[in-house]
Amino acid sequence: MDSVTNTMLRFMHSYEAYRVPKGTKVKNSRGEETVLSEDEDVLVLTEKATNQMRKDKDEYAKQLEINANMAQEKTNLEANKKDAQDKAKIMAVFRSMANGDMVPASDERKLMEFDDKMYQAAKALQFLSRQNKERIKKKASEWDEDEELAHEEKMRELEKNQREARDTIGPNLNEFSDKQRRNIVEIPSDNIDFANMRTVQFESSFEGILMDFSI
């Protein structure tokens, strides 16, 4: 059993329903007599089951939204962490240049792209510092290539998870509804007077307690 199914089961209950014979007449929300179905028996959820089904789906939808937001937050946190690390490295490049040291061209370029005025100031200070230096120190890059590749791979995975968490909300809700249908339990209806049953408005597509779970 996969994690998605396990999560669904945590939000699901059994839903009791009466079997209403085809041709049975009931009253709709406007008090008008209507036939539930001319062709086949239908299952009509009890009011308690209807409310429980609504509640379960709403809570599951909220959990899916939470999961999507958490996936996005993980992506943002990693991006912000990398941004802070890069800024710290850029400042290190500035200090090295201001001290007269030689830094890799790629590091100079990162400083220039970050802030051109700061880069120009670093170049000016580098020139002045070298006037009194007998030996210019050559610095290694602040950025490690393997670490950069690992970060890119991690970001791709996080962004993929973020997209999947958002894109699967609709399909997962549809699957949840299907599983709810399979969790409907028929209860005895021998003493139920269906002629006095009145349906209530349930969502926009149909009247319910009545739900279109035809058998």
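Parameters and conventions
Residues numbered from 1 in each chain as written. Predicted model: local features only at pLDDT ≥ 70, side-chain atom pairs only at ≥ 80, totals over all residues. Heavy atoms only, no water. Buried < 20%, exposed > 50% of the residue type's maximum accessible area, 1.4 Å probe, protein only. Helix = DSSP H or I, 4+ residues; strand = E, 2+ residues; numbered from the N terminus. Arc of directions from axis to C-beta. 1 Å grid on protein atoms, 1.4 Å probe; cavity = no way out; pocket = protein on both sides within 12 Å on 5 of 7 lines; lining within 4 Å. Points joined across faces, edges and corners; volume = space filled by probe spheres on them. Nonpolar A, V, L, I, M, F, W, Y, C, P; charged D, E, K, R; others polar. Contact = heavy atoms within 4.5 Å. Pairing = 2+ DSSP bridges.

Caption draft 1: Looking closely at helix α1 (residues 3-10). Of all the residues in α1, the buried ones are Thr5, Thr7 and Met8. Down the axis, α1 shows its buried residues gathered within 160 degrees of arc, on one side only. Facing away from the buried side of α1 by over 90 degrees, the exposed positions are Ser3 and Arg10.

Caption draft 2: View of the layout of surface pockets. Considering only enclosed or pocket space, the largest pocket measures out at about 330 Å³ in volume. Considering the residues around the largest pocket, the lining is formed by 15 residues, among which Leu64, Asn67, Ala165, Thr168 and Asn172 are closest to the centre. Those elements that place two or more of their residues in the lining of the largest pocket are α1, α2 (47-98) and α5 (145-167). Take the lining of the largest pocket: its biggest share by element is 7 residues, from α2. Considering only residue class, the lining of the largest pocket consists of 7 nonpolar, 6 polar and 2 charged.

Caption draft 3: Expanded view of the side chain of Lys179. Summarising the element assignment, Lys179 is placed in helix α6 (residues 169-182). Discounting residues that sit within four places of it in the chain, Lys179 has contacts with Thr5, Met8 and Met12.

Caption draft 4: Region of interest: the environment of Leu128. Considering the arrangement of structural elements, one finds Leu128 in helix α4 (residues 116-130). Among the residues examined, Leu128 registers a relative accessible area of 53% and is labelled exposed. Put simply, Leu128 and Ala98 are 30 residues apart on the chain and 8.4 Å apart in space, counted from C-alpha to C-alpha.

Caption draft 5: Molecular detail of the pairing of strand β4 (residues 42-45). Burial of β4 is two-sided: the residues Val42 and Val44 facing one way and the residues Leu43 and Leu45 facing the other way are all buried. Where strand β1 (residues 15-20) lies against β4, 4 bridges are found, and the strand directions are antiparallel. Pairing of Arg19 across the sheet is with Leu43, part of β4.

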